[in-house]
Amino acid sequence: MSQQESFTLRTDKSFRDSLSSVDEAGNRIFFHPKKPKGRYYNWRKILSYFLLFLLFTGPFMRLNGHPFMLFNIIERKFILFGVAFWPQDFKLLALGFITLVVFIVLFTAVFGRLFCGWVCPQTIFMEMLFRRIEYWIDGDWSEQKKLVSAPWNADKIRKRSLKFIIFAAISFLIANTFLAYIIGSDALIDIITSPVSEHVGGFISIIIFTTIFFFVYWSFREQACTIVCPYGRLQGVLLDKNSINVAYDFLRGEPRGKHSRNRDEKLGDCIDCNQCVVVCPTGIDIRNGTQLECVNCTACIDACDEVMDKVNKPRGLIRYASYTGIVTKVRKIFTTRVKAYSVVLLVLVSLFTYFLTTRTETQTSLLRARGTLYTQVGENQLRNVFMVKTINKSFDQKEVSFRLKQPAGTIEQIGTGFVIPPQGYREGGLFITLDRNQLTGVKTNIIVEVVHGDEVLETIRTSFYGPAQ
Ligand code: SF4
Ligand code: SF4
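A quick note: this is a predicted structure, and the numbers were derived from the prediction, not measured.

The rules behind the values
- Residues numbered from 1 in each chain as written.
- Chains lettered and ligands numbered in written order.
- Predicted model: local features only at pLDDT ≥ 70, side-chain atom pairs only at ≥ 80, totals over all residues.
- Heavy atoms only, no water.
- Pairing = 2+ DSSP bridges.
- Helix = DSSP H or I, 4+ residues; strand = E, 2+ residues; numbered from the N terminus.
- Axes fitted to C-alpha atoms, helices over the stretch in contact; angles between N-to-C directions.
- Near = heavy atom within 4 Å.
- Nonpolar A, V, L, I, M, F, W, Y, C, P; charged D, E, K, R; others polar.
- Parallel < 35°, antiparallel > 145°, perpendicular 65-115°, else oblique.
- Contact = heavy atoms within 4.5 Å.
- Buried < 20%, exposed > 50% of the residue type's maximum accessible area, 1.4 Å probe, protein only.
- Lys, Arg positive; Asp, Glu negative; His and termini not counted.
- Salt bridge = Lys/Arg side-chain N within 4 Å of Asp/Glu carboxyl O.
- Polar contact = N/O pair within 3.5 Å; in protein donor to acceptor, adjacent residues only side chain to side chain.
- pLDDT = per-residue confidence, 0-100.
- Core = buried A, V, L, I, M, F, W, Y, C linked by side-chain atoms within 4.5 Å.
- Phe/Tyr/Trp six-rings, centres within 6.5 Å; stacked < 30°, edge-to-face > 60°.
- Lys NZ or Arg CZ within 6 Å of the ring centre and 35° of its normal.

**Structural notes on the sheet that holds strand β17 (residues 455–465)**
For step 1, the next point in the chain: Pairing is antiparallel in the open sheet, where 3 strands are placed in the order β12-β16-β17. Each edge of the sheet is formed by a strand with only one pairing partner; in this case those strands are β12 (401–406) and β17. Direction aside, neighbouring strands of the sheet carry axes that sit 30° apart on average.
For step 2, the next point in the chain: Relative to strand β16 (residues 443–452), β12 runs antiparallel, the two sharing 5 bridges. What sits directly across from Arg-403, in β16, is Glu-449.

The structure is reproduced here in structure tokens:
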């Protein structure tokens, strides 16, 4: 087969019309991929141990006695790397989210689905935890297939029961960890150590999460990536010919075929051994080109490298490469699209960093009391009444006071002390009094400082109302 003929083969895109995990009758094809081995798999194992450690210990980590990570969507409280964020930080969180999305788009445009194969919790749990337990209990792919068609004898019942118990136990552990990220580790420990009747909602949540995780890893598996994951579905628009992916070097590999002394034909390096296919957890043939189902797990790279070693050919017939890189043999990363994304990303990161570093520990709203304009005080002074609300975003109690910075005048707090508990808020009232000669019209701009000790926490600009001049 000539290279042109093989290219014609590759341009037959009929394989893209159906999911690899569904047969023509619409039934699920349950994959039993061959156990991967090789250098990429070893590196991924090391990284996955580290990430699993971080994931399971994350909700229990403390910084100065406070959670390191918390995503309490129920009470709208978020702690990232020990810093507490409130719903009032919505602008910052929204900007952070947009920055993250642009980063993902840029990263994907350059490096394809590197995240899916190396960092995504779904891949790590499935391929590095549950799948490995399955290999340990059921054996490699051929033994697994035999076990599926075997009658329910003592050995099959023992293996299935053991797998069920271990999968359920790990799903329970993941569900608890997941819940700890949402409600905090203290609340989780409270649920676990209290009678069920005291935390019915908490126990139901744990059971629901456990069931979902169990279902995903016992049965649903790679379909989470190929059918459900929005990031996977977006690959078609995020990737281009310059994106680096796990790719088959068709120029080197084609025409593929079993090498034999009797064949005169000049063959490529692919010996059509199918090892890259049987090892694939999503059941695709990477030789067809980049596909939606490929999670860049690198298993086919390792499998092919092993074959290349055996046939004394250089490794890398399947490797990280872009389509352009394979065709031109030049690796070009900084395309016009990547440069444009980089500029946008740089602007967003700068804005986000600015807002993050100038973020205050308190957030105060100062509004004139409803239904009031001004009152006369003595001959020459006017007074406005303001309602003040200060949120303390920090983990420390704050006693704050208010200072009129501009123009000259007085500010009096209604009631005594303005002590705000950690992560709490306090409301009160303020009298602001100005001399008539300080007024610049019906509305006079004033600047109020929120002070904690000697530290100015916030500077607020508002208006003071007076009579028409
Ligand atoms: S493992 Fe390598 S040699 Fe074997 S079929 Fe796949 S690409 Fe070809
Ligand atoms: S094609 Fe290769 S990298 Fe992609 S999912 Fe299959 S084995 Fe993993």
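**Thoughts on the site of ligand 1**
For step 1, the next point in the chain: Taken together, 13 residues are adjacent to ligand 1, and Cys-270, Cys-273, Asn-274, Cys-276 and Cys-304 come closest.
For step 2, the next point in the chain: Residues that form the shell around ligand 1 fall into these classes: 9 nonpolar, 2 polar and 2 charged.

**Describing the packing of helix α2 (residues 39–57) against helix α7 (residues 154–183)**
For step 1, the next point in the chain: Across the interface, α2 lies against α7 with an axial gap of 9 Å and an inter-helix angle of 60°. Taken together, the axes of α2 and α7 lie oblique to each other. Along its contact with α2, which presents Leu-54, Leu-55 and Phe-56, the element α7 presents Leu-173, Ile-174, Thr-177 and Tyr-181.
For step 2, the next point in the chain: Of the residues that constitute the contact of α2 with α7, the class distribution is 6 nonpolar, 1 polar and no charged.

**Examining the site of ligand 2**
For step 1, the next point in the chain: If you check the shell around ligand 2, you find 13 residues, and the closest are Cys-280, Cys-294, Cys-297, Thr-298 and Cys-300.
For step 2, the next point in the chain: Residues that form the shell around ligand 2 fall into these classes: 10 nonpolar, 3 polar and no charged.

**With respect to the side chain of Glu-458**
For step 1, the next point in the chain: Structurally, Glu-458 is set in strand β17.
For step 2, the next point in the chain: Of the side chains with opposite charge, Lys-393 lies nearest to the buried Glu-458, which makes no salt bridge, at 7.2 Å.
For step 3, the next point in the chain: A polar contact of 2.7 Å, which involves the side chain of Glu-458, links it to the side chain of Thr-362.
For step 4, the next point in the chain: Look past the residues within four positions of Glu-458 in its chain and what remains in contact with it is Thr-360, Thr-362, Gln-363, Thr-364, Val-448, Glu-449 and Val-450.

**Describing the confidence of the model for the protein chain**
For step 1, the next point in the chain: Per-residue pLDDT for the protein chain has a mean of 87; in total, 94% of the residues score no lower than 70.
For step 2, the next point in the chain: Across residues 1–10 the pLDDT falls below 50, and counting only partners more than four positions away or on other chains, this stretch makes 10 contacts in the model.

**So, the nonpolar core**
For step 1, the next point in the chain: One finds Val-246, Tyr-248, Ile-286, Cys-300, Ile-318 and Tyr-320 to be the most contacted residues of the largest nonpolar core, which totals 35 residues.
For step 2, the next point in the chain: Where this core is concerned, the elements lending two or more residues are α4 (114–118), β6 (245–248), α14 (275–278), α15 (299–310) and β7 (318–321).
For step 3, the next point in the chain: Sort the elements by how many residues they give to this core and α15 lands first, with 7 residues.
For step 4, the next point in the chain: What Ile-318 contacts, discounting residues up to four positions off in sequence, is Val-246, Ala-247, Tyr-248, Cys-276, Ile-286, Cys-300, Ile-301, Cys-304 and Asp-305.
For step 5, the next point in the chain: Phe-167, Leu-179, Ala-180 and Tyr-217 belong to the second-largest nonpolar core, a separate cluster that totals 24 residues.

**Side note on the environment of Ile-301**
For step 1, the next point in the chain: Of note, Ile-301 is situated in helix α15.
For step 2, the next point in the chain: Judged by its relative accessible area of 1%, Ile-301 is buried.
For step 3, the next point in the chain: In this structure Ile-301 touches Tyr-40, Val-246, Ile-318, Arg-319 and Tyr-320, once residues within four positions along its chain are discounted.

**Notes on the packing of aromatic side chains**
For step 1, the next point in the chain: Inspection of every chain in the model, using the stated rule, returns 22 aromatic pairs.
For step 2, the next point in the chain: Geometrically, the ring pair formed by Phe-130 and Phe-167 is edge-to-face, given 4.8 Å between the ring centres and 75° between the ring planes. Residue Phe-130 is found in helix α5 (residues 121–138), and its partner Phe-167 is found in helix α7; the two are separated by 37 residues along the sequence.
For step 3, the next point in the chain: Here Phe-130 falls in the buried class, since its relative accessible area comes to 0%.
For step 4, the next point in the chain: For Phe-167, a relative accessible area of 0% puts it in the buried group.
For step 5, the next point in the chain: In textbook terms, an aromatic cluster arises when at least three aromatic residues are bridged by ring pairs, as seen for Phe-56, Phe-125, Phe-130, Phe-164, Phe-167, Phe-214, Tyr-217 and Trp-218.
For step 6, the next point in the chain: In this structure, Lys-389 packs its charged tip against the face of Tyr-425, placed 4.6 Å from the ring centre.

**A closer look at the sheet that holds strand β5 (residues 83–85)**
For step 1, the next point in the chain: Overall, antiparallel pairing links the 3 strands, which are arranged β3-β4-β5 in an open sheet. One side of each edge strand has no neighbouring strand; the edge strands of this open sheet are β3 (69–72) and β5. Averaged over all adjacent pairs, the angle separating strand axes in this sheet is 25°, with direction ignored.

**Looking at the side chain of Asn-384**
For step 1, the next point in the chain: Relative to the assigned elements, Asn-384 resides in strand β10 (residues 381–392).
For step 2, the next point in the chain: A distance of 2.9 Å separates the side chain of Asn-384 from the backbone oxygen of Leu-373, its partner in a polar contact.
For step 3, the next point in the chain: Ignoring any residue separated from it by four or fewer positions in sequence, one finds Asn-384 in contact with Arg-368, Leu-373, Tyr-374, Leu-430, Phe-431, Ile-432, Ser-463, Phe-464 and Tyr-465.

**Section: the environment of His-32**
For step 1, the next point in the chain: With respect to the helices, strands and loops of the structure, His-32 is situated in the loop between α1 (3–11) and α2.
For step 2, the next point in the chain: Classification of His-32 as buried rests on a relative accessible area of 15%.
For step 3, the next point in the chain: Sequence spacing of His-32 and Gly-283 is 251 residues, and the spatial spacing of their C-alpha atoms is 8.7 Å.
For step 4, the next point in the chain: Setting aside anything within four residues of it in sequence, one finds His-32 in contact with Trp-141, Gln-144, Lys-145, Val-148 and Val-278.
For step 5, the next point in the chain: Within polar-contact distance, the side chain of His-32 engages the side chain of Gln-144 at 3.1 Å.

**Some remarks on the pattern of salt bridges**
For step 1, the next point in the chain: According to the stated counting rule, one finds 22 salt bridges in the structure shown.
For step 2, the next point in the chain: Taking the shortest distance from any N to any O, the salt bridge between Arg-319 and Asp-249 comes out at 3.0 Å. With Arg-319 in strand β7 and Asp-249 in the loop between β6 and α13 (250–253), this residue pair connects regions lying 70 residues apart in the sequence.
For step 3, the next point in the chain: A residue is classified by how much of its surface remains accessible, and Asp-249, at 5% relative accessible area, is buried.
For step 4, the next point in the chain: Put simply, Arg-383 and Glu-412 hold a salt bridge, and the shortest N to O gap is 3.5 Å. On the criterion of sequence distance, the pair formed by Arg-383 in strand β10 and Glu-412 in strand β13 (residues 410–414) is long-range, its members being 29 residues apart.
For step 5, the next point in the chain: When its relative accessible area of 36% is taken as the criterion, Glu-412 is described as partly exposed.
For step 6, the next point in the chain: Salt bridges sharing partners connect three or more residues here, namely Glu-134, Asp-138, Arg-160, Lys-163 and Arg-221.

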